[in-house]
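Analysis of the macromolecular model
The lines below spell out each chain.
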Amino acid sequence: LEDGAFVGMAAVVLDGAVIESGGVLAAHSTLSPGKRIGAGELWMGTPARFARHVGAEDRARFDRVAPHYAERAALFRRDLRRCDQRGCDIRKNR
């Protein structure tokens, strides 16, 4: 992922795939191995395919919601529990 790439919630980026700066992978989409989302492109679906070019209004919306995504990721990471073949830790990782 390049700086400024946007990946929607529950989206999956597989091995060797690239999302250029300003590229967008829609929520719940899967980017296949080796695919490349160019700058200013929106891809969606499973497997993800080019949907359209991202306009200035879209880009502004992504820029507004990106901090919320980062906040949610931090909360998720904080509440993860370590698991192995013996089970999961009761304590949360902090």
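Note on numbering: residues in each chain are counted from 1, in written sequence order. Per-residue local features of the predicted model are confined to residues with pLDDT of at least 70, and side-chain atom pairs are confined, for both listing and counting, to 80 or more; whole-chain, interface and lining totals are unaffected and use all residues. For the side-chain quantities, the full set of heavy atoms in the structure was used; hydrogens and water were omitted.

The next point concerns the pairing of strand S7 (residues 41-44). Bridge count between strand S4 (residues 24-25) and S7: two bridges; the pairing is parallel. Counted as the bridge partner of valine 24 is leucine 42 from S7. Sheet topology note: the S7/strand S8 (residues 49-53) ladder contains four bridges and is antiparallel. Within S8, the position partnered with leucine 42 by the bridge is arginine 52. By definition, two strands form a pair when at least two bridges between them are found by DSSP. Starting at the N terminus, helices and strands are each numbered in turn, a helix being any DSSP run of H or I of at least four residues and a strand any DSSP run of E of at least two.

Here the bond from threonine 46 into proline 47 is cis, since omega is 0°, no more than 30 degrees from zero. As for its position among the elements, proline 47 is in the loop between S7 and S8. Even without being a glycine, alanine 10 presents a positive backbone phi close to 65°. Within the secondary structure, alanine 10 is located in the loop between strand S1 (6-7) and strand S2 (12-13).

For the rest of this paragraph, the subject is the sheet that holds S7. Spatially, four strands are ordered S1-S4-S7-S8 in an open sheet, and the strand pairing comes out mixed. Each edge of the open sheet carries a strand with a single partner, namely S1 and S8. Across two bridges, S1 lies against S4 in parallel orientation. Paired with valine 7 across the bridge in S4 is leucine 25.

Okay, the packing of aromatic side chains next. Two rings from Phe, Tyr or Trp (for Trp, the six-membered ring) form a pair when their centres sit within 6.5 Å of each other. Planes less than 30 degrees apart are called stacked, planes more than 60 degrees apart edge-to-face, and all others tilted. Within the structure shown, the criterion is met by two aromatic pairs. Each ring, one from phenylalanine 6 and one from tyrosine 69, has its centre 5.1 Å from the other, and the planes form 45°; the classification is tilted. Of this pair, phenylalanine 6 sits in strand S1 while tyrosine 69 sits in helix H1 (residues 56-78), and the two are 63 residues apart along the sequence. Between buried and exposed lies partly exposed: a residue is buried under 20% and exposed over 50% of the maximum accessible area for its type, with that area taken using a 1.4 Å probe on protein chains only. A relative accessible area of 8% means that phenylalanine 6 is categorised as buried. Each member of the aromatic cluster is reached from another via a ring pair, and the members are Phe6, Phe62 and Tyr69. Whether a charge sits over a ring comes down to the Lys NZ or Arg CZ being within 6 Å of the ring centre and within 35 degrees of the ring normal. Geometry around phenylalanine 62 places arginine 61 over its ring, the cationic atom sitting 5.7 Å from the centre.

Just geometry here; none of it tells us what the structure is for.
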